[in-house]
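Here is how the chains run, residue by residue.
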Amino acid sequence: DREVLGGPGAVPVAISLEAAEAVDDIVCRMLNDTSWFSQSKRSAGKSEPFRAAVRQWARQQLEVGDRVTLVSRNLQGLLSGLQPSIEQMVRGDPLPDGARTKVEQFVGVLRDEGVTDPEQLLERIQLIEWRVENAGDPDPEAGIAMLADSIVPFDQAPRAFEALRDRICREFEAIEA
């Protein structure tokens, strides 16, 4: 295990797209037998796409060490810049009033959408803003940089990004066919 985006990380060994799980967009199984269950939304704020993801989180069976993530090209409103405040609160560090209010609103949405213990789930949540969606996006290097030294070694990040992008494209082409 190693740190990823400031939190506990692990080495991925398998990726499933459109998996048979409550959180089904991307499931990443790790070498340490944990899993990251990811929902992807092009844009997410205090909106129906975000609430739908939370309902999926609420139904997901989690084992010790598992995480749920929301991956979006654009985290806005309530979700914009929220991840560092969630991490601060989980560590027990004091938060400025504005940040505390946003986390409390987030916990309220978790509760409203059926999460039975939102405070416990808070420790397992990772909000990831990834502004790269297509090969033609103006800055695919941003996606590569996010992979570098967080999920894969720095020198393998470009190849890993290309492989992941190609696999996702193949999977979606198969679904649409």
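Use the structure listed above.
Rules used throughout
Residues numbered from 1 in each chain as written. Predicted model: local features only at pLDDT ≥ 70, side-chain atom pairs only at ≥ 80, totals over all residues. Heavy atoms only, no water. Axes fitted to C-alpha atoms, helices over the stretch in contact; angles between N-to-C directions. Helix = DSSP H or I, 4+ residues; strand = E, 2+ residues; numbered from the N terminus. Left-handed = near helix turned anticlockwise from the far one by under 90°. Contact = heavy atoms within 4.5 Å. Buried < 20%, exposed > 50% of the residue type's maximum accessible area, 1.4 Å probe, protein only. Polar contact = N/O pair within 3.5 Å; in protein donor to acceptor, adjacent residues only side chain to side chain. Phe/Tyr/Trp six-rings, centres within 6.5 Å; stacked < 30°, edge-to-face > 60°. Pairing = 2+ DSSP bridges.

Looking now at the packing of helix α1 (residues 48–59) against helix α3 (residues 97–112). Geometrically, a packed helix pair is captured by the angle between its two axes and the distance between the axes. Taken N-terminus to C-terminus, the directions of α1 and α3 make an angle of 65°; their axes are 9 Å apart at the nearest point. Where α1 crosses over α3, the two elements pack in a sense that is right-handed. For the pair formed by α1 and α3, the contact residues are Phe-50, Arg-51, Val-54 and Trp-57 on the first element and Phe-106, Val-109, Leu-110 and Asp-112 on the second.

Take the side chain of Glu-113 next. With respect to the helices and strands, the residue Glu-113 is situated in the loop between α3 and α4 (118–122). For Glu-113, a relative accessible area of 16% puts it in the buried group. Looking at Glu-113, its side chain comes within polar contact range of the side chain of Arg-51, at 2.7 Å. Excluding residues that lie within four positions of it along the chain, Glu-113 makes contacts with Arg-51, Val-54, Arg-55 and Ala-58.

Attention now goes to the packing of aromatic side chains. Enumeration over the complete set of coordinates arrives at one aromatic pair. An angle of 20° between the planes, with centres 5.8 Å apart, marks the rings of Phe-50 and Phe-106 as stacked. Placement of Phe-50 in helix α1 and of Phe-106 in helix α3 is noted, with a sequence separation of 56 residues between them.

What follows concerns the sheet that holds strand β4 (residues 26–30). Read from one edge of the open sheet, five strands run β3-β4-β5-β6-β7, paired in mixed fashion. Edge strands, defined here as strands with exactly one partner in the open sheet, are β3 (12–17) and β7 (125–129). Adjacent strand axes in the sheet meet at a mean angle of 25° when their direction is disregarded. Relative to strand β5 (residues 35–44), β4 runs antiparallel, the two being bridged by four bridges. Pairing of Cys-28 across the sheet is with Trp-36, part of β5.

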